[in-house]
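# Understanding the architecture of this molecule
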Amino acid sequence: KPVPTVKQAPADAQEKDKEPKVYEVGTKVPEKVTLIDMDGKKTTMKQLRGKHVVLVWYSKDCPAIKSSGERLAATAKEFAKHKDVVMIAVNSDKNDLKDAQATKDAEGNVIKPFAKLRKHMKDKKINFGMAVDKGGVLARKFQAKTTPHVFVIDAKGVVQYSGALDNDPRGRKSKEEYTNYALAAVTELKSGKPVTVKSSRPYG
């Protein structure tokens, strides 16, 4: 008797079945996941493959963001030295994203969307990109619930770290006591070593 054939699901359906419900440590972030900046420019995880990606959930009025601002900037400056590392803030705060439409001033000049957030970035001299997550779609998938909440994704798209930026929520530790978890994770990945601290409790 002929052997019964098993119908295989289309490739896109198979990929959908494999997609994790949440992007926790050890899971691969699908290539189709898209980051959208304040100008509407889209960057997919597929485009970022081959780079170590550091995502930082951000809210401009969060006290923890304010207290860690200098350390975030210093971390971004360190990452900027490496072509294969990119750090991007993700903003899911509905208050920060209220002015999502372009407007005009009294003289008819166009005011770009997210004017308050743009001004904040300029005033604070933020030296890394900002993606907007209207509706919190990405926040739910990554289970990002505080700001800052940091995720380190390796060159293959696998989440290797989730948690706080560092071990110093109040910015009071000495150089000897201080550990930057995000920087340590990326340094280990670039050296071909496994990440020592894969998770920590995010503050904020």
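Please refer to the structure higher up on the page.
For the structure given in this document, a descriptive report is provided here. (Residues numbered from 1 in each chain as written. Predicted model: local features only at pLDDT ≥ 70, side-chain atom pairs only at ≥ 80, totals over all residues. Heavy atoms only, no water.)

## Some thoughts on the overall build of the protein
- Along the protein, the regular secondary structure elements total six helices and nine strands.
- For the protein, the spread of C-alpha atoms along the three principal axes comes to 80 × 55 × 30 Å.
- Here the protein holds 204 residues, and 41% of them are scored as buried.
- Restricting the contact set of the protein to residue pairs at least 6 apart, pairs at least 24 apart contribute 65%.
- In the structure as shown, the protein presents an accessible area of about 12,600 Å², 52% of it carried by carbon and sulfur atoms. (Helix = DSSP H or I, 4+ residues; strand = E, 2+ residues; numbered from the N terminus. Buried < 20%, exposed > 50% of the residue type's maximum accessible area, 1.4 Å probe, protein only. Contact = heavy atoms within 4.5 Å. Areas by Shrake-Rupley, 256 points an atom, 1.4 Å probe, with all protein chains shown as cover.)

## A few points about the side chain of Asp96
- Structurally, Asp96 is set in the loop between β4 (85-91) and β5 (103-104).
- One buried charged side chain, Asp96, makes no salt bridge at all; its nearest oppositely charged neighbour is Lys60, positioned 4.0 Å away.
- Of note is the side chain of Asp96, whose polar atom sits 3.0 Å from the backbone nitrogen of Lys60.
- Within the local environment of Asp96, its side chain forms a polar contact with the side chain of Asn91, the two groups lying 2.8 Å apart.
- Those residues in contact with Asp96, other than ones at most four positions away along the chain, are Ser59, Lys60, Asp61, Asn91, Phe114 and Leu117. (Lys, Arg positive; Asp, Glu negative; His and termini not counted. Salt bridge = Lys/Arg side-chain N within 4 Å of Asp/Glu carboxyl O. Polar contact = N/O pair within 3.5 Å; in protein donor to acceptor, adjacent residues only side chain to side chain.)

## Here's the deal with the pattern of salt bridges
- Counted according to the given criterion, the structure contains eight salt bridges.
- Salt-bridge contacts for Glu19 lead to Lys32; the nearest nitrogen and oxygen are separated by 3.2 Å. With Glu19 in the loop between α1 (11-18) and β1 (34-36) and Lys32 in the loop between α1 and β1, the pair connects residues that are 13 residues apart, well separated along the chain.

## Focus: the layout of surface pockets
- Approximately 220 Å³ is the volume found for the largest pocket.
- If you trace the largest pocket, you find 13 residues lining it, with Tyr58, Ile65, Gly69, Glu70 and Lys124 closest to the centre.
- Here the element with the most residues in the lining of the largest pocket is helix α3 (residues 63-79); it accounts for six residues.
- Class assignment of the residues belonging to the lining of the largest pocket gives a composition of six nonpolar, three polar and four charged. (1 Å grid on protein atoms, 1.4 Å probe; cavity = no way out; pocket = protein on both sides within 12 Å on 5 of 7 lines; lining within 4 Å. Points joined across faces, edges and corners; volume = space filled by probe spheres on them. Nonpolar A, V, L, I, M, F, W, Y, C, P; charged D, E, K, R; others polar.)

## Structural notes on α3
- When the terminal C-alpha atoms of α3 are compared, their 24 Å separation across 17 residues agrees well with the 24 Å that a helix rising 1.5 Å per residue should span.
- Roughly 55° is the biggest bend found in α3, and it falls at Gly69.
- Within α3, burial applies to Ala64, Ile65, Ser68, Arg71, Leu72, Thr75, Ala76 and Phe79.
- Next to the buried residues of α3 lie β3 (52-57), β4 and α6 (181-190). (Expected span 1.5 Å × (residues − 1). Bend = angle between axes of the 7 residues up to and from the residue.)

## Considerations on helix α4 (residues 115-123)
- Listed in full, the buried residues belonging to α4 are Leu117, His120 and Met121. Looking straight down α4, one finds its buried side chains confined to an arc of 95°; they lie on one side. Opposite the buried face of α4, at more than 90 degrees from it, the exposed residues are Lys116, Lys119 and Lys122.
- Against β4 and β7 (129-132) lie the buried residues of α4.
- Just downstream of α4, Lys125 is the residue with a positive phi angle, here 55°. (Arc of directions from axis to C-beta.)

## Observations concerning the sheet that holds strand β9 (residues 159-163)
- One open sheet accounts for five strands, arranged β7-β4-β3-β8-β9; its pairing is mixed. Here the strands that pair on one side only, and so sit at the sheet edges, are β7 and β9. The mean inter-strand angle of the sheet, taken between neighbouring strand axes irrespective of direction, is 20°.
- Taken together, the four bridges between strand β8 (residues 150-153) and β9 define a ladder with antiparallel strand orientation. Along β9, the bridge assignment pairs Phe151 with Ser162.
- Lying on the sheet, α3 is in contact with β3 and β4; it crosses β4 at an angle near 155°.
- In this fold α6 packs onto β3, β4, β8 and β9, with an angle of close to 5° to the strand it touches most, β8. (Pairing = 2+ DSSP bridges. Axes fitted to C-alpha atoms, helices over the stretch in contact; angles between N-to-C directions.)

Geometric values such as these leave the question of function open.
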